[in-house]
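Now for the letters of each chain:
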Amino acid sequence: MKKLLLCVAILFLTAFSITAQEDEAVQGTYIQTAENGSFWEEDGVTYLTLEAVPESILWTITTPTFRGGVYETLSFVGDWGFAMEDLSTDGILTTENESIKVILSQPEYDSEAGTVTYVVTVEEIDPISFCNEVRRGSSG
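Quick caveat, the model's predicted, so the values are computed rather than measured. (Residues numbered from 1 in each chain as written. Predicted model: local features only at pLDDT ≥ 70, side-chain atom pairs only at ≥ 80, totals over all residues. Heavy atoms only, no water.)

1. Structural notes on the confidence of the model for the chain
Then, number 1: Scored by pLDDT, the chain has a mean of 77; 70% of the residues are at 70 or more.
Then, number 2: For the chain, strand β1 (residues 4-12) is the element with the lowest average pLDDT, namely 52, and strand β4 (residues 45-51) is the one with the highest, namely 94.
Then, number 3: Overall, residues 9-21 carries pLDDT values under 50, and its contacts beyond four positions in sequence, including any with other chains, amount to 35 contacts. (pLDDT = per-residue confidence, 0-100. Helix = DSSP H or I, 4+ residues; strand = E, 2+ residues; numbered from the N terminus. Contact = heavy atoms within 4.5 Å.)

This is the structure we're talking about:
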């Protein structure tokens, strides 16, 4: 059984943070898992659909303080559009064989099907062997 991990890093502006000071930004990382996923294209737009997505995701905020918790997937997707119109953000999709850097936007959650679909731009694909080399400190 393949397990996919999607790590989404979002920079929320101060206007959307309760705890940030006026000049500070809040950096948040959201971790969404899926049993499977696929890229597909329609009318020149590339999509990523994650399947068997849990009803909640994990999050951490690293500035101005370190915090973490659980965020309902429905709220995460709903709040995405509320935070900023046309928000897109970097993400890392990790599979058994690859680490894929993507830009994500326009998420849609189907709670009955257990899927989340993003509009996606693939920026870079690294084989896991490359990631293991970097982790060990040898750049090849």
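2. Points about the pattern of salt bridges
Then, number 1: Tallied over the entire structure, the rule returns 1 salt bridge.
Then, number 2: Its salt-bridge partner being E123, residue K101 comes within 3.7 Å of it at the nearest N-O pair. You can see K101 sitting in strand β8 (residues 98-110) and its partner E123 sitting in strand β9 (residues 115-127), a full 22 residues away along the chain.
Then, number 3: Overall, K101 belongs to the partly exposed group, its relative accessible area being 30%. (Salt bridge = Lys/Arg side-chain N within 4 Å of Asp/Glu carboxyl O. Buried < 20%, exposed > 50% of the residue type's maximum accessible area, 1.4 Å probe, protein only.)

3. Observations regarding unusual backbone geometry
Then, number 1: One non-glycine residue with positive phi stands out, namely D43, at about 50 degrees.
Then, number 2: Here D43 is to be found in the loop between β3 (36-42) and β4.
Then, number 3: Given the relative accessible area of 75%, D43 is considered exposed.
Then, number 4: A positive phi is found at A52, a non-glycine position, where the angle reads about 55 degrees.
Then, number 5: By secondary structure assignment, the location of A52 is in the loop between β4 and β5 (56-63).

4. Section: the side chain of T115
Then, number 1: Following the sequence through the fold, T115 ends up in strand β9.
Then, number 2: When neighbours within four sequence positions are excluded, T115 is seen to be in contact with T49, L50, E51, V53, E108, Y109 and D110.

5. Some remarks on the pairing of β8
Then, number 1: Relative to β8, strand β7 (residues 88-94) runs antiparallel, the two being bridged by 7 bridges. Looking at the pairing, G91 lines up with V102 of β8.
Then, number 2: Taking the residues that link successive antiparallel strands as the turn, the β7-β8 hairpin has 3 residues.
Then, number 3: Looking at chain direction, β8 and β9 are connected through 11 bridges and run antiparallel. Residue pairing for β9: I100 is matched across the bridge by I125. (Pairing = 2+ DSSP bridges.)

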